[in-house]
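Take a look at the letters that make up each chain.
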Amino acid sequence: STADYINGHPSAKLDWTAARRRIIPTMTHFTRLIALALIILIATVATVQAVITKLTPLAEVLESEQYIFTAKVEKLDPDNKDRPTAVFKRDKNLKGDAPFERIPVNMTGDAEAKKAGDTQAMFDRLDESRTLVFFVRKQGRLYNAKVFVEGTWFSIYGTTDADAKTVRWAFLHGEPYLRRTFKGSSAELIQLIEDCLAQKAKPPEPNEKEKPGYGPV
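Predicted model only: the values in this text are computed from it and were never measured. (Residues numbered from 1 in each chain as written. Predicted model: local features only at pLDDT ≥ 70, side-chain atom pairs only at ≥ 80, totals over all residues. Heavy atoms only, no water.)

S.K.: Quick question: what am I supposed to make of the confidence of the model for the chain here?
M.R.: Interpretation of this model should avoid reading the predicted coordinates in detail wherever pLDDT is low. Of all residues in the chain, 78% have pLDDT values of 70 or greater, and the mean over the chain is 86. Within the model, the stretch residues 1–14 combines pLDDT values under 50 with eight contacts to residues more than four positions away or in other chains. Here residues 37–47 is a poorly scored stretch, pLDDT under 50, and it has one contact once near neighbours within four places are set aside; other chains count. (pLDDT = per-residue confidence, 0-100. Contact = heavy atoms within 4.5 Å.)

S.K.: Sorry, what's going on with the sheet that holds strand E1 (residues 67–77) here?
M.R.: Across a sheet, paired strands are connected by hydrogen bonds in the backbone, their directions being either parallel or antiparallel. Overall, mixed pairing links the seven strands, which are arranged E1-E2-E3-E7-E6-E5-E4 in a closed barrel. Averaged over all neighbouring strand pairs, the angle between strand axes comes to 35°, with direction disregarded. As paired elements, strand E5 (residues 142–149) and strand E6 (residues 152–160) share eight bridges and run antiparallel to each other. Counterpart to Val149 in the pairing with E6 is Thr152. The strands touched by helix H5 (residues 186–197) are E1, strand E2 (85–95), strand E4 (131–139) and E5; relative to E4, the strand with the most contacts, the crossing angle is about 50°. (Pairing = 2+ DSSP bridges. Helix = DSSP H or I, 4+ residues; strand = E, 2+ residues; numbered from the N terminus. Axes fitted to C-alpha atoms, helices over the stretch in contact; angles between N-to-C directions.)

S.K.: Would you explain the packing of aromatic side chains in this entry?
M.R.: The description of an aromatic ring pair uses the distance of the two centres, along with the angle that the planes make with each other. Counting across every chain of the model gives 10 aromatic pairs. Seen from their ring centres, Phe69 and Phe100 are 6.1 Å apart, and the 70° between their planes marks the pair as edge-to-face. In this pair, Phe69 sits in strand E1 while Phe100 sits in the loop between E2 and strand E3 (102–106), placing the two residues 31 residues apart along the sequence. Phe100 gets classed as buried once you look at its relative accessible area, which sits at 8%. The interplanar angle of 65° and the centroid separation of 5.1 Å between the aromatic rings of Phe148 and Trp153 together place this pair among those described as edge-to-face. A relative accessible area of 1% means that Trp153 is categorised as buried. (Phe/Tyr/Trp six-rings, centres within 6.5 Å; stacked < 30°, edge-to-face > 60°. Buried < 20%, exposed > 50% of the residue type's maximum accessible area, 1.4 Å probe, protein only.)

Right, dumping it as C-alpha cells:
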C-alpha cells in the first residue's frame with residue numbers, strides 16, 4: 001500500500017514490526033536503568049538519614065571509617081532562624097588525611113531532628129572549649145559523618161559540588177543510641193582511638209544496657 005512506501009520508492013519500504021521490536025526492548029532497558037538508579041538513590045538516602053539504632057562496636061567504626069580526626073568549634077550561629085550554622089575546623093588527623101580543613105554545617109536538621117529538638121540539643125553541647133571527634137566515610141560524592149563531643153553523638157552529611165572542591169555539609173540528627181558504643185569524654189575517646197590504631201589496645205565492646213541519650217551540657 002501507499003503507506004508502506006516513502007517518496008514512492010519500494011526500496012524504502014518500512015518494516016514497522018521490525019522497528020517496534022528494536023524500539024520496545026530499548027525502551028524497556030532504559031526504563032530498567034532509571035528504576036535501578038532510583039532504587040540506589042533511595043537506598044543511599046535512607047542509609048544516610050536513618051537514626052542508628054543498631055548496636056555498633058567501636059571496632060567496627062574504627063575499621064569502616066576512612067577519615068578520623070579531631071576538630072574545634074570555629075563559629076556558632078544558633079540564632080539564625082533561616083540557617084543556624086556551626087563551623088568546625090579540623091585539628092588533628094587520627095586516621096587518613098581528610099581533604100577539607102573547615103566544615104561549615106547547616107544545623108537545621110531533618111524531620112527527625114526537628115521533631116526531637118536535636119538542633120538546640122547539639123548547640124547546647126557545642127562551644128569553643130570542647131574537642132570533637134569526626135568519623136567520616138566517603139560514598140561517591142557524598143560524605144557520611146558521625147561526630148562525637150563529650151558523650152554526645154550526632155550525624156552530618158556532606159555533598160560535593162560539581163567542581164569537586166566544595167563540600168556542603170548539613171546536620172541530620174542526634175544519635176542517642178551510639179552512647180552504647182562509647183559515652184566517655186572526648187579526651188578518653190581520642191586516646192583510645194590512638195591506642196587501638198597503634199594496636200596497643202583493643203576497642204571495648206558496646207554496652208547494650210546503656211540508655212540512649214546525650215552527654216552533659
